[in-house]
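Here are the chains, one letter per residue:
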Protein chains: 2
Amino acid sequence: MEEVCDIGNIKFSAVSAGIKGEGLDLGLALFEIPFSFIGLYTRNRIKASHIHYAKKLEGRKIRALFVTSGCANAATGKEGIEDLKRLARMISERTSLKEDEILFASTGVIGKRLPIEKIADSIPFLVDNADPSKLEDFAYAMMTTDTYPKVLKRTFSGKKTYSILGVAKGAGMINPKLATMLCFLFTDYPGKREVLVNPFRAYCRESFEKITVDSETSTNDTVMLFFPEGEIDEKAYSIFTETLKDLMRELALLIVRDGEGATKVIHIKVNGAKTKMAAQEIARRIARSTLVKCAFFGNDPNWGRIIAAVGDTDITIRPERISIKIEGMEVAKGGVETPFDEDELKRKLTSKEVEVEIDLGLGKASYEIYTTDLTYDYVKINASYRS
Amino acid sequence: MEEVCDIGNIKFSAVSAGIKGEGLDLGLALFEIPFSFIGLYTRNRIKASHIHYAKKLEGRKIRALFVTSGCANAATGKEGIEDLKRLARMISERTSLKEDEILFASTGVIGKRLPIEKIADSIPFLVDNADPSKLEDFAYAMMTTDTYPKVLKRTFSGKKTYSILGVAKGAGMINPKLATMLCFLFTDYPGKREVLVNPFRAYCRESFEKITVDSETSTNDTVMLFFPEGEIDEKAYSIFTETLKDLMRELALLIVRDGEGATKVIHIKVNGAKTKMAAQEIARRIARSTLVKCAFFGNDPNWGRIIAAVGDTDITIRPERISIKIEGMEVAKGGVETPFDEDELKRKLTSKEVEVEIDLGLGKASYEIYTTDLTYDYVKINASYRS
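Keep in mind that this is a model prediction, so the values were computed, not measured.

Trainee: Honestly, the overall build of chain A in this entry has me stumped. Any pointers?
Mentor: When helices and strands are tallied, chain A shows eleven helices and 14 strands. In terms of C-alpha radius of gyration, chain A reaches 22 Å, essentially the compact-globule figure of 21 Å for 387 residues. Seen through its C-alpha atoms, chain A measures out along the principal axes to roughly 70 × 55 × 35 Å. Going through the 387 residues of chain A one by one, you find that 63% of them count as buried. In chain A, 81% of the contacts between residues at least 6 apart in sequence involve partners at least 24 apart. Put simply, chain A shows about 14,100 Å² of open surface, and 47% of that area lies on carbon and sulfur atoms. Charged side chains of chain A number 56 positive and 56 negative; the gap between the two group centres comes to 4 Å.

Trainee: Which parts of the structure should I look at to understand the sheet that holds strand β14 (residues 365–372) of chain B?
Mentor: Strand pairing in a sheet relies on backbone hydrogen bonds. The paired strands run either parallel or antiparallel. Residues and elements named next belong to chain B. Across the sheet, six strands lie side by side as β12-β11-β10-β13-β9-β14; this open sheet has mixed pairing. Pairing within the sheet leaves two strands with one partner each, and these edge strands are β12 (336–337) and β14. Pairing geometry for strand β10 (residues 323–326) and strand β13 (residues 353–359), over four bridges, is antiparallel. Pairing of S323 across the sheet is with D359, part of β13.

Trainee: Any chance you could explain the confidence of the model for chain A here in plain terms?
Mentor: When pLDDT is low, close inspection of the predicted coordinates is not appropriate. Overall, the prediction assigns chain A a mean pLDDT of 93, with 97% of residues at 70 or greater. Model confidence for the complex is summarised by a pTM of 0.89, with the ipTM given as 0.89.

Trainee: Please clarify how the interface of chain A and chain B should be interpreted in this entry.
Mentor: Where the parts come together, the accessible area they lose is often given as the size of the interface. Facing the 59 residues of chain A at the interface are 59 residues of chain B. Where chain A abuts chain B, roughly 4,700 Å² becomes buried across the two surfaces, and 53% of that area is made up of carbon and sulfur atoms. Where chain A meets chain B, there are four salt bridges. For the salt bridge of B:K112 with A:E337, the shortest nitrogen-to-oxygen distance reads 2.8 Å.

Trainee: How do you make sense of the nonpolar core when you look at a structure like this?
Mentor: Generally speaking, soluble globular proteins have nonpolar side chains that are buried together. With 202 residues, the main nonpolar core has A:F184, A:F186, B:F184 and B:F186 as its most contacted residues. Each residue touching B:F184, except ones within four places of it in the same chain, is listed here: B:L65, B:V67, B:A105, B:F138, B:M142, B:L165, B:G166, B:V167, B:M224 and B:F226.

Trainee: Would you take a moment to explain the sheet that holds strand β9 (residues 265–273) of chain A for this structure?
Mentor: Residue and element names in this part refer to chain A. Strand order in the open sheet made by the six strands is β12-β11-β10-β13-β9-β14, with mixed pairing throughout. Bordering the open sheet on either side are β12 (336–337) and β14 (365–372), each of which pairs with just one other strand. One ladder, built from three bridges, connects strand β10 (residues 323–326) with strand β11 (residues 329–333); its direction is antiparallel. Each residue of the ladder has a partner; that of I326, found in β11, is M329. In the packing of helix α9 (residues 303–311) onto the sheet, contacts are made with β10, β11, β12 and β13 (353–359), and the angle to β10 comes to roughly 130 degrees.

Trainee: Explanation requested: the side chain of A:N73 in the structure shown.
Mentor: All names here are of chain A. Its place among the elements puts N73 in the loop between β3 (62–71) and α2 (77–94). Given the relative accessible area of 0%, N73 is considered buried. A polar atom in the side chain of N73 sits 2.8 Å from the side chain of T76. Residue contacts for N73: discarding those within four places in its chain leaves A48, S49, G80, L84, S106, V109, K112 and L114.

Trainee: Even after reading the chapter, I still don't get the packing of α2(A) against helix α3 (residues 116–128) of chain A, so can you show me in this structure?
Mentor: The geometry of a pair of packed helices is captured by two quantities: the angle between their axes and the separation between those axes. Residue and element names in this part refer to chain A. Taken N-terminus to C-terminus, the directions of α2 and α3 make an angle of 25 degrees; their axes are 9 Å apart at the nearest point. In terms of axis orientation, α2 runs roughly parallel to α3. Both α2 and α3 take part in a crossing whose hand is right-handed. Contact residues: α2 offers D83, R86, L87, M90, I91 and R94, while α3 offers I116, E117, I119, A120, D121, I123 and P124.

Trainee: Whenever I open this one, the relation of the copies chain A and chain B confuses me. Can you help?
Mentor: Both copies of the chain are related by a screw-like operation: a rotation about an axis and a shift along it. Turning chain A through 180 degrees and shifting it by 0.0 Å along the axis lays it on chain B, with an RMSD of 0.0 Å. The superposition of one copy onto the other is thereby described by a two-fold rotation axis. Measuring from the rotation axis to each C-alpha of chain A, the shortest distance belongs to A:Y376, at 2.6 Å. A shared binding surface is used by both copies, with 100% of the interface residues of chain A retained as interface residues in chain B.

Rules and cut-offs
- For every chain, the first residue of the written sequence is number 1, and numbering continues from 1 along that sequence.
- Each chain is given a letter, starting from A, and each ligand a number, starting from 1, according to the order in which they appear as written.
- In view of the model being predicted, local features appear only for residues whose pLDDT reaches at least 70, and side-chain atom pairs are presented and counted only at 80 or more, with totals across whole chains, interfaces and linings using the full set of residues.
- Values shown for side chains rest on all heavy atoms present in the structure; no hydrogens or waters enter the calculation.
- Under the DSSP-based scheme used, a helix requires at least four consecutive residues in state H or I and a strand at least two consecutive residues in state E, with every element numbered from the N terminus.
- With the radius of gyration taken over C-alpha atoms, the globule rule is written as 2.2 Å times the number of residues to the power 0.38.
- Each residue is assigned to one of three classes by its accessible area relative to the maximum for its type, calculated with a 1.4 Å probe on protein chains only: buried under 20%, partly exposed between the two thresholds, exposed over 50%.
- The contact criterion used throughout is that any non-hydrogen atoms of two residues lie within 4.5 Å.
- Areas reported as accessible are Shrake-Rupley estimates using a 1.4 Å probe. Residue values count occlusion only from the protein chains shown.
- Counted as positive: Lys and Arg. Counted as negative: Asp and Glu. His and the chain ends are not counted at all.
- Working definition for charges: the position is that of NZ of Lys, CZ of Arg, CG of Asp or CD of Glu.
- Here, any two strands with at least 2 DSSP bridges between them count as paired.
- Scored from 0 to 100, pLDDT reflects the predictor's confidence in each residue.
- When two parts are put together, the accessible area they lose, computed with a 1.4 Å probe and summed over both, is reported as buried area.
- Between Lys or Arg on one side and Asp or Glu on the other, a salt bridge is scored when a side-chain nitrogen of the former is within 4 Å of a carboxyl oxygen of the latter.
- Working definition of a nonpolar core: buried Ala, Val, Leu, Ile, Met, Phe, Trp, Tyr and Cys residues. They are joined through side-chain atoms within 4.5 Å.
- Convention adopted: a line fitted to C-alpha atoms gives each axis, helices being fitted over their contacting stretch, and angles between N-to-C directions are expressed from 0 to 180 degrees.
- Polar contacts, as used here, are pairs of N or O atoms within 3.5 Å; protein pairs need one atom able to donate a hydrogen and one able to accept it. Residues neighboring in sequence count only if both atoms are side-chain atoms.
- Small angles under 35 degrees read as roughly parallel and large ones over 145 as roughly antiparallel, with 65 to 115 read as roughly perpendicular and the rest as oblique.
- The crossing is said to be left-handed when, going from far helix to near helix, the turn is anticlockwise and less than a right angle, and right-handed when the turn is clockwise.
- The superposition of copies rests on a least-squares fit of C-alpha positions from residues with pLDDT of 70 or more in both.

Structure below.
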């Protein structure tokens, strides 16, 4: 774990509020001064209550973000949103925060209501104990099946030294389309919503949208950037955006590396497509193939399953032009097997990160995606998650 | 196993030709008189060599069908098709069959060439030992990860008593779009290609296209109907088509019940859609959800994962109109949880066949599909299939 530095006017805390049975399950990010935020959310048509709620606060400045784990507050209807309104009121009564300065985010079991009394009871403790150094506690409070907290931090210089803190959680139901699971990015670099919205979206496409664990798009996917509204420090703008982009990409990789039950990350790169969209569709199809993912769990360079997945989309292909490399070793060329040292390749596949490259031989577009293998432990975790 | 009756002029045999290491792996259906056939094939853009080969023989009459298991002869390029031509020549030299009267079908590992010398060597034995009673041997020779042979037989009456024999194999890479894995139907009911093509396609849509094990469309999916060309016995036409349709549906269910590693069949029915296409897209999305399939393995009525899958397509939905029943018990109504006896439902889910009904509340169209749960054994089988 990398050491986490602080942004002075953002404090964090976490508590076990009894939402998930045991462990930290309620986190707070408290902003000493009002911060702007940009949120990107799941494309699933069933959206968690906190997403509906956050959309109404877009463009406003906020002072607090409460995160719960163990209950997704999704598929809870109008009542789920009412719960958040009541909670904001209760929090406002017990603290100096105003109702419309409070954001929420949840992750956990879909279809269950939040225990709002329990949560409200924990708020004064959370507020009183918040501290800039407690980001890791906050990260723990977001975890469900994650095996480690995901916290990253970068600093860079402009008129002064700025920081970006990033925190994320995975680890199943991961197939972000225009966002991710829960991920929060905090910076003291001053910004403007209208300037940052488009770059932020683009960085999501290059990071969280390029990972998938199980091709399941969650109801709760949320990525939010928090920043103080203000004059942009032009001198540091490009280093800020580069740093943010890098940090988001690294957080995405942390999520996929901690994918449920995963023993390895598979890097799938489709080259030689006519369009980037075509390359993307084929890369995603391979990444959701349970047969391909099981083969990698077994360290089996079963390229036949890869080419079968390539053929199973609406994209026109020329089988006789396809070549496939696994860990840099050519296994198929012209659509058919090429001689390779299978024992050596099996050994290479025991690595924690493996590379697969497919060349369609049709054009110049490419797309890459990161996924995991499919293992006994994925089945175990998901056959017993609620009980 | 139901007793298999015979069609006098169709003989079967099987042998262990050494294609798959052990067990029967080469089967023959030998027609004493020339038979017509109708074939439907995979929509995967990577198609097995036998499919390219069979398409060239469409409309002709044939005398023999050779089936191999252990090697799919797919992604083998022009050489894969040349192999079949050479094999037909070798068979013709050693038997009384003509080259263009011979059909092939293969199933097994993708990307490997057929051992045609081994196969040719076994042909005289196969032909000499063919017998109308040996359909089950033929069924065994088609098996890969199947745990039992799939053979069904029906008789019905017209001017005389006719029979339909059906034989199929699963059990992974099952997501037939316009056909299935290998399935062969033999009848002595006389027919005409142009009359039977459309009904046959329709019955495929109602049978093999409604099952999925792992949402993986194979390179080799093939379903073929063999019949003697002749004047249709009008009196028996409707009983023939009903019987054929029933038999195909039952064979499809046999395949899904024997899905790789499956402990149960999940019957997913989507009602209340605006169009059948919309109902189908949602039903298929649920059926390919690894999270839903793992939950059923764990007997967990986790309806939140089902509604999340419903939301993860391009179909417009109204979350507040969705209701879900599992084993007849309402678990969600108006898009939110409705009180239900979870312990009782968990007990019901230990059944070998479970029903899930989703009502979208938008229209009158519906679609149903059968799938399996996702288990440790699926992972085990597919992490080690080639080795």
